Amino acid sequence: MTQQHILKSIDEASMVIGKTWPLYSFVTSNPLSGYEKMPFIDAVNSASKLLNTRMFPEASLYRQAWEQGEIEEELLLKLLKENGLSKSPEFYLQQMESHKREEKINMDHDLDRIMAKWLAAFMDEGLAEWEIPGKKEGFYKAWRMLARYDEESGVKNTSELPKTSLEALAHVLKDYSKEEYTKIFSYHLAALPGWTGYINYRNDSNSLWQQTYPISLEDYLAVRLWIAQQLKGHILPENDREETDHRMVELQYTWLKAWERSWQKQLVKTLEKECTTSEPFTNEERIPDAQLVFCIDTRSELIRRHVESWGNYETFGYAGFFGIAMDYKNLNDGLIRKSCPPIVSSAYEVSEIPQANKGEQLLAYEKKNEIFRFGEYFLKRMKNMLPSAFGYVEGTGFYYGLSLLARTLTPGYFYRLKIKNTSSYEAICEPKISGVDAHEVNVHGISLDEKVAIVKSAFDLTGWKQFAPLVLFAGHGSHSANNPFGSSLDCGACAASPGRHNARMLARLANLPEVRIALANDHNLNIPESTVFIGAEHNTTTDEIVIFDAEVPDSHQQQLQKLKSDLLKAQQTATQDRLGIDKNSVALAQYKANNWGETRPEWGLAKNAGFIVAPRALTKNDNLNSRCFLHSYDWELDATGQALEGIMQGPMVVTQWINNHYYFSTVDNEIFGGGSKITHNITGKFGVIQGNGGDLKMGLPLQSLYQSDNEMYHQPLRLSVLIQAPLGRVTDILSRNENLKTLLDNEWIYLLVMDPLQSNDIMCYQKNMEWTPANEQVAGQENFHKKVDAELLEGILV
């Protein structure tokens, strides 16, 4: 029974940690995902105590927002007054600035350091030349075999250690009650949330590294608690006698809500103005020259505006995995990576096969790639092998020095040279999709019904009405040099992989004659014979759009060349807009993309604050400053509400993850973020640490969020979702999806609905399925979750 209690308690305690994603697939997710069933304010209070971290923006950030006019004075004063706070905003800003958060001394520093050392050695994924013995036996057994060689662990003989991790835990906990188990485990899991978060990730993903070298939270706790006992450290945490200052928390929360609702008020004002000034699209016969489907990513808002400005082009927003729950097998390295949202199980595997009559070209490409990979392997071995290391470095240092000098002085030139001379297999290959059943790939492909469902879903969810001669599905990726967090700039909907593979696959399926016939006969969706679907990729660092056009027929070449010309113009104006310069903006973007000393090649999704689900007409004439995710949707074409439900279940949840990751990485970059890039050290090929040890960094680095050490760029606001659809339809969807209702009731996200059946009036969701008009919501605030005596609060702050 004791072992069952231990396992149950570990499971309960694991909610205090999220997931730390590896650098090669760095998904931005909510670090407090285990708390999402709790109200936001309760969750941050609980996590703050356990992790010793800030949960609200610092007073300096509130002051910046206040002085820049981001917080509306009238709205703030009303919120303060509702909580019995009648003095000026300046007074309360000074109160928050004078409030100093007490820094707790880590009494388990030595224990944390020892554990970090062992975890780094065991979990290494190919960076170290020599791996520790016994890794295949699992973390606890490997440590048990080697512990006596580590003087810091306090272990003299292997025989004194229990043979299994459960036995070790039972031995350490024999003097504690079962009621104390969860508290003990929570405390020790939260001591190194980055490392334990990565253990969590490896177990959930069941990666090849995890299958070969298993590690579990049970193993981690067994090793940690045994060492803690030997060092006479804390097993059961001492009772924290420091009481939470609920009064200061409420003040900070009030300012946060004022900030969020000030932004909402501006968004509502912008969209309401658009509804009253724009004319509805009625000219159904004016077919666009081309249609381009981009990811809902906030960075797509910029490029969509500029593409539309250069011609008769229509753009859409769709989740960047393009509705294909797939893994992708890379032709260059043979690795299979997830290429769909982490919350979705992969149903397909996509690989590359040669296009017609291009088999020999593919063989030549594979041979060239094999030689290149061997060259990389050879150079690495020469640098790392003991017999050759010193002589090789001495002999080649001069040439490496020249290369480093050139890359430092002319990174933009080398970027253009690399792009020009790098051959792409997309020109000679086409993607092939296969089903995955019980982790086995069906080499015969997938059924026609599945192909039709994938293509139909794309048009259903985006509210498609007509087809242009050219339709581009543009995934997105990024390019940066010497950037461990490079994958965080790729497509979040593709599990931090580039979206080009999904885009090419959807274009391939939509071009199949049998798919078009089935769509017309069975679903009344008629795609003209003159329409050609093409895969593409938007490089978010340079705003270049690369088109994979190897199979576009000659009949469309003239139209394609015009589109390419206009996309180059769009790149020029988009980079000018984004970088704030008038000349040589593309060259500067390329310079930043390939400069190995650049800490900020692009801002990524910083400043994200909204998610708009509506037709493009609602936002087309406005500059949203890349602050909103944009998903195309037409309520009139979604009679059953099934498309909207899919958007709310998938993209809305994923954008909430992204938004929460940016929020927490900003409010406490030391705990939830990545710290400064300047002192980063890569460990094990999967993560970074600060300096030479310590906890694994779980979030975005400082430079991705702040313009300087003290001046913010990202504004830490919770996500505001706005949907244009009948209110009754949205309410019905929420009533069927308790998980979505919980996110809203617990205030992890805001939801606003623009009801087209009620003159596009905007309603704001309140708790328990209640709604209020937007103009009332932004001017008021419901009672604080934990009420306090307002008069007492006023007296304490004075």
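The shown structure was predicted, so the numbers you read here are calculated from the model rather than taken from an experiment.

Focus: the overall build of the chain
(1) Moving on: The secondary structure content of the chain amounts to 28 helices and 18 strands.
(2) Moving on: A compact globule built from 798 residues should have a C-alpha radius of gyration of about 28 Å, and the chain, at 28 Å, falls within 12% of that.
(3) Moving on: With 798 residues in all, the chain has 54% of them scored as buried.
(4) Moving on: For the chain, the exposed area adds up to about 36,000 Å²; of that, 51% sits on carbon and sulfur atoms.
(5) Moving on: In the chain, which carries 81 positive and 104 negative side-chain charges, the distance between the mean positions of the two groups comes to 4 Å.

So, the sheet that holds strand β11 (residues 610-613)
(1) Moving on: Read across the open sheet, the six strands follow the order β12-β11-β15-β16-β17-β18; overall the sheet is mixed. Pairing within the sheet leaves two strands with one partner each, and these edge strands are β12 (628-631) and β18 (770-773). Direction aside, neighbouring strands of the sheet carry axes that sit 25° apart on average.
(2) Moving on: Note: strand β15 (residues 720-724) against strand β16 (residues 750-755), five bridges, orientation parallel.

Here we look at unusual backbone geometry
Glycine aside, the phi torsion of most residues is negative, and most peptide linkages are trans.
(1) Moving on: Although it is not a glycine, Asn 584 adopts a positive phi angle of roughly 55°.
(2) Moving on: Examined against the element boundaries, Asn 584 turns out to sit in the loop between α21 (557-579) and α22 (585-594).
(3) Moving on: We classify Asn 584 as exposed; its relative accessible area is 59%.
(4) Moving on: Notably, Ser 626 is not glycine yet its phi reads approximately 55°, a positive angle.
(5) Moving on: Inspection of the secondary structure puts Ser 626 in the loop between β11 and β12.

Section: the packing of α21 against α22
(1) Moving on: It is at 8 Å that the axes of α21 and α22 come closest, and there the two elements cross at 70°. Viewed along their axes, α21 and α22 adopt a mutual orientation that is roughly perpendicular. Viewed along their axes, α21 and α22 form a crossing whose handedness is left-handed. Contacts from Gln 571, Gln 572, Thr 575, Gln 576, Arg 578 and Leu 579 of α21 reach α22 at Ser 585, Val 586, Leu 588, Ala 589 and Lys 592.
(2) Moving on: Class assignment of the residues belonging to the contact of α21 with α22 gives a composition of four nonpolar, five polar and two charged.

Examining the environment of Asp 761
(1) Moving on: Inspection of the secondary structure puts Asp 761 in strand β17 (residues 761-766).
(2) Moving on: Linking Asp 761 and Trp 209, residues 552 residues apart in sequence, is a C-alpha distance of 53 Å.
(3) Moving on: Among residues more than four places away in sequence, those in contact with Asp 761 are Val 753, Met 754 and Asp 755.

Let's talk about the pattern of salt bridges
(1) Moving on: Applying the stated criterion across every chain, the model contains 36 salt bridges.
(2) Moving on: Two residues, Asp 297 and Arg 299, come together in a salt bridge whose shortest N-O distance is 2.9 Å.
(3) Moving on: A residue is classified by how much of its surface remains accessible, and Asp 297, at 5% relative accessible area, is buried.
(4) Moving on: Owing to a relative accessible area of 8%, Arg 299 belongs among the buried residues under this scheme.
(5) Moving on: Close ionic contact of Arg 736 with Glu 645 constitutes a salt bridge, the shortest N to O distance being 2.5 Å.

Structural notes on the sheet that holds strand β8 (residues 470-477)
(1) Moving on: With mixed pairing, the five strands of this open sheet are ordered in space as β2-β1-β8-β9-β10. The open sheet terminates on both sides in strands that have one partner only, identified here as β2 (313-318) and β10 (544-548). Across the sheet, the axes of successive neighbouring strands diverge by a mean angle of 25°, strand direction being ignored.
(2) Moving on: Of the strand pairs in this sheet, strand β1 (residues 290-295) and β2 are connected by six bridges, and their pairing is parallel. Looking at β2, one finds that Phe 294 is bridged to Gly 317.
(3) Moving on: Where α21 meets the sheet, it contacts β1, β2, β8, β9 (532-539) and β10, and its direction lies at approximately 160° from that of β10.

Considerations on the confidence of the model for the chain
(1) Moving on: Residue-level pLDDT values for the chain average 90, and 94% of them are 70 or greater.
(2) Moving on: Under a pLDDT of 50 for its full length, residues 779-798 has, in the predicted model, 49 contacts with residues more than four places off or in other chains.

Considering the side chain of Ser 14
(1) Moving on: Looking at where Ser 14 falls in the secondary structure, it is placed in the loop between α1 (2-13) and α2 (40-51).
(2) Moving on: Looking at Ser 14, the relative accessible area reads 16%, which means it is buried.
(3) Moving on: Leave out the neighbours within four places in its chain, and Ser 14 touches Leu 189 and Leu 217.

Re the pairing of β8
A regular strand places its side chains on the two faces of the sheet in alternate fashion.
(1) Moving on: The buried fraction of β8 is high, at eight of eight residues.
(2) Moving on: Alternating residues of β8 divide into Leu 470, Leu 472, Ala 474 and His 476 and Val 471, Phe 473, Gly 475 and Gly 477, and every residue in both groups is buried.
(3) Moving on: For β1 and β8, the ladder comprises five bridges, and the chain directions are parallel. Residue pairing across strands places Phe 294 opposite Ala 474, the latter belonging to β8.

Regarding the pairing of strand β14 (residues 687-690)
(1) Moving on: Where burial is concerned, the two faces of β14 agree: the one with Gly 687 and Ile 689 and the one with Val 688 and Gln 690 are both buried.
(2) Moving on: Note: strand β13 (residues 680-683) against β14, four bridges, orientation antiparallel. Paired with His 680 across the two strands is Gln 690, which belongs to β14.
(3) Moving on: Taking the residues that link successive antiparallel strands as the turn, the β13-β14 hairpin has three residues, and the phi of Gly 684 there is positive, at about 65°.

Points about a nonpolar patch on the surface
(1) Moving on: Taken together, the side chains of Phe 374, Tyr 377, Phe 378, Leu 379 and Tyr 400 define a hydrophobic patch exposed on the protein surface, amounting to about 530 Å² of accessible area.
(2) Moving on: Per element, the largest residue contribution to the nonpolar patch is four residues, and it comes from helix α15 (residues 359-384).
(3) Moving on: In this fold, Phe 378 is placed in helix α15.

Focus on the nonpolar core
(1) Moving on: Counting 204 residues, the largest nonpolar core has Phe 56, Phe 185 and Trp 255 as its most contacted members.
(2) Moving on: The element that contributes the greatest number of residues to this core is helix α13 (residues 246-277), accounting for 12 residues.
(3) Moving on: When near neighbours in sequence (up to four residues on either side) are disregarded, Phe 56 contacts Phe 40, Ile 41, Val 44, Tyr 62, Val 249, Gln 252, Tyr 253, Leu 256, Tyr 663 and Val 667.

Some details on helix α25 (residues 727-736)
(1) Moving on: Those residues of α25 that fall on the buried side of the exposure criterion are Leu 727, Arg 729, Val 730, Ile 733 and Leu 734. In a view along the axis of α25, the buried residues occupy a sector of 165°, so they form one face of it.
(2) Moving on: Here the buried face of α25 lies against α23 (642-649), β15, α26 (738-745), β16, β17 and β18.

Comments concerning the packing of aromatic side chains
Each aromatic ring pair is characterised by the separation of its centres together with the angle its planes make.
(1) Moving on: Taken as a whole, this structure holds 36 aromatic pairs when the rule is applied.
(2) Moving on: Aromatic side chains Phe 316 and Trp 464 sit 4.1 Å apart centroid to centroid with 10° between the ring planes, which places their arrangement in the stacked category. Of this pair, Phe 316 sits in strand β2 while Trp 464 sits in the loop between α18 (448-462) and β8, and the two are 148 residues apart along the sequence.
(3) Moving on: Accessibility expressed as a relative area gives 5% for Phe 316, which makes it buried.
(4) Moving on: Note on Phe 664 and Phe 672: the rings are 5.4 Å apart at their centroids and 55° apart in plane angle, and the pair reads as tilted.

Reading the values: the criteria
- Residues numbered from 1 in each chain as written.
- Predicted model: local features only at pLDDT ≥ 70, side-chain atom pairs only at ≥ 80, totals over all residues.
- Heavy atoms only, no water.
- Helix = DSSP H or I, 4+ residues; strand = E, 2+ residues; numbered from the N terminus.
- Rg over C-alpha atoms; globule rule 2.2 N^0.38 Å.
- Buried < 20%, exposed > 50% of the residue type's maximum accessible area, 1.4 Å probe, protein only.
- Areas by Shrake-Rupley, 256 points an atom, 1.4 Å probe, with all protein chains shown as cover.
- Lys, Arg positive; Asp, Glu negative; His and termini not counted.
- Charge placed at Lys NZ, Arg CZ, Asp CG, Glu CD.
- Pairing = 2+ DSSP bridges.
- Axes fitted to C-alpha atoms, helices over the stretch in contact; angles between N-to-C directions.
- Parallel < 35°, antiparallel > 145°, perpendicular 65-115°, else oblique.
- Left-handed = near helix turned anticlockwise from the far one by under 90°.
- Contact = heavy atoms within 4.5 Å.
- Nonpolar A, V, L, I, M, F, W, Y, C, P; charged D, E, K, R; others polar.
- Salt bridge = Lys/Arg side-chain N within 4 Å of Asp/Glu carboxyl O.
- pLDDT = per-residue confidence, 0-100.
- Patch = residues over 30% accessible without salt bridge, like charges linked within 9 Å, V, L, I, M, F, W, Y side chains within 5 Å.
- Core = buried A, V, L, I, M, F, W, Y, C linked by side-chain atoms within 4.5 Å.
- Arc of directions from axis to C-beta.
- Phe/Tyr/Trp six-rings, centres within 6.5 Å; stacked < 30°, edge-to-face > 60°.

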